[in-house]
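Chain and residue survey
Here's the letter readout for the chains.
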Amino acid sequence: MRRIWQMLISVKVRRVFQSVIERKAKEFANVQLRISVMGESGSGKSTMINALLGLNEDEEGAAPTGCVETTTEITPYSHPTLPNVQYHDFPGLNTPKFPVKTFMKRTNFSQYDLGIIVTGCRFTENDQLLANALKKAGKPFYLVRSKIDDSVRSESHRKGYNQEKMFQRVRENCISSLKAAGIQDPRVFLCSAFDLDEYDFPKLKENVVSNLSETLKNLFLVSLPNTSEAAIESKRDALRCFIQILAIGSGLSVQFPCRVCPWPVTWSSLPQVS
């Protein structure tokens, strides 16, 4: 039966596979996904970018991090394997070297597909300026309370600690500061750059993809690091056929289970085309 199955995958089917590979590759190559990451100095912007890129801070292409502001101008960081996915690290607007009004006037917010506004504590009027600028440009933005793992560690030793109640307090604290800054109906995502799949990151991911085109959605999902089975499964759900065919077409030695074939399939197992 195995030999029969291999013979059934004809030259014509193989060429269809190749056509799908080329078409999808062109789709990905011809689009750019630009994500702006903003917030005040020390909020964890650069650390979050590195987490989304799947890079450690000491790896080539990673955004520099530190206890002092390391970003002095908008700096793009490309994905290590998908260079058309870029995260743009904004300088902290609360630093003396960076005049807010001048920055807001000369920054073209419409060039970004979406914005992520990060805070390590409370959102401020500067965050409101960023949110309003993105809204005016017609771009979706997402409010991230970073370093939530630090809050868990510092609060968990307290008597009567309840994690869900603590999360609720943190959200309410952030929401109240956002409302005070004039942002209507804010939604805050609690995230940790050191454990992306915990806390609210899966919800954040769902919200991001809901506001992207089909191609940009797939590109974003494929670019995310494989931090867990759930992360891999989300990629599989979005690009099941493309990922499998592309992997086979790339000549990888890894075997991929096919949903219609009972055996693992590799490119070398298929009939060769002269």
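Further up the page is the structure itself.
My aim in this report is to walk through the structure given alongside it, one point at a time.

Rules behind the numbers
For every chain, the first residue of the written sequence is number 1, and numbering continues from 1 along that sequence. At least 70 in pLDDT is required for a residue's local features to be given in this predicted model, at least 80 for side-chain atom pairs to be given and counted, and no such filter applies to totals for whole chains, interfaces and linings, which use all residues. Heavy atoms from the whole structure form the basis of all side-chain values; hydrogens and water molecules are not counted. Every helix listed is a DSSP run of H or I at least four residues long, and every strand listed is a run of E at least two residues long, numbered separately from the N terminus. Any residue under 20% of the maximum accessible area for its type is buried, any over 50% is exposed, and the rest in between are partly exposed; the area is computed with a 1.4 Å probe on protein chains only. We call two residues in contact when some of their heavy atoms are within 4.5 Å. Shrake-Rupley sampling with a 1.4 Å probe provides the accessible areas, and residues are treated as covered by the protein chains on show and by no other component. Should DSSP find at least two bridges between two strands, the strands are taken to pair. Lines fitted to C-alpha atoms define the axes here, with helix axes fitted over just the stretch in contact, and angles between the N-to-C directions of these axes take values from 0 to 180 degrees. By the counting rule applied here, Lys and Arg register as positive and Asp and Glu as negative, while His and the ends of each chain are not counted. Salt bridges are identified by distance alone: a Lys or Arg side-chain nitrogen within 4 Å of an Asp or Glu carboxyl oxygen. As used in this structure description, the phrase polar contact means that two N or O atoms lie within 3.5 Å; if the pair is within protein, one of them must be able to donate a hydrogen and the other to accept it, and residues adjacent in sequence are counted only when both atoms belong to side chains. Stacked, edge-to-face and tilted are the three classes for Phe, Tyr and Trp ring pairs, Trp counted by its six-membered ring, which pair at centre distances within 6.5 Å; planes under 30 degrees apart are stacked, over 60 edge-to-face, the rest tilted.

1. Quick word on the overall build of the chain
Secondary structure assignment for the chain yields 10 helices and eight strands. Expressed as a percentage of the 274 residues in the chain, the buried residues total 43%. If you take every contact in the chain between residues at least 6 apart in sequence, the share linking residues at least 24 apart comes to 63%. Approximately 15100 Å² of the chain is accessible, and the part contributed by carbon and sulfur atoms is 52%.

2. Overview of the sheet that holds strand β3 (residues 85–89)
Taken together, six strands build an open sheet; the order of strands is β2-β3-β1-β4-β5-β6 and the sheet is mixed. In this open sheet, the two strands that pair with only one neighbour each are β2 (75–78) and β6 (188–190). Averaged over neighbouring strand pairs, the angle between their axes works out to 30 degrees when direction is ignored. Pairing between strand β4 (residues 114–119) and strand β5 (residues 141–145): five bridges, direction parallel. Paired with G115 across the strands is F141, a residue of β5.

3. So, the pairing of β2
Note that β2 and β3 share four bridges and pair antiparallel. Of the residues in β3, the one forming a bridge with S78 is Q86. Counting the residues between successive antiparallel strands, the hairpin from β2 to β3 contains six residues.

4. Some points on the environment of F103
In this structure, F103 sits in helix α4 (residues 100–106). The spatial distance from the C-alpha of F103 to the C-alpha of L93 is 8.6 Å, given a sequence separation of 10 residues.

5. Focus on the side chain of E40
If you trace the backbone, E40 turns up in the loop between β1 (33–39) and α3 (45–53). One buried charge, E40, has no salt-bridge partner; the nearest side chain with opposite charge is K45, at 9.4 Å. Among the polar contacts made by the side chain of E40, one reaches the side chain of N126 at a distance of 3.1 Å.

6. Considerations on the packing of aromatic side chains
This structure, assessed with the given rule, holds five aromatic pairs. Measuring from centroid to centroid gives 5.8 Å for F167 and Y199, while their planes differ by 85 degrees, and the two rings are edge-to-face. With a gap of 32 residues between them, F167 in helix α7 (residues 163–180) and Y199 in the loop between β6 and α8 (201–210) connect regions that are remote in the sequence. By relative accessible area, Y199 is classed as partly exposed at 25%.

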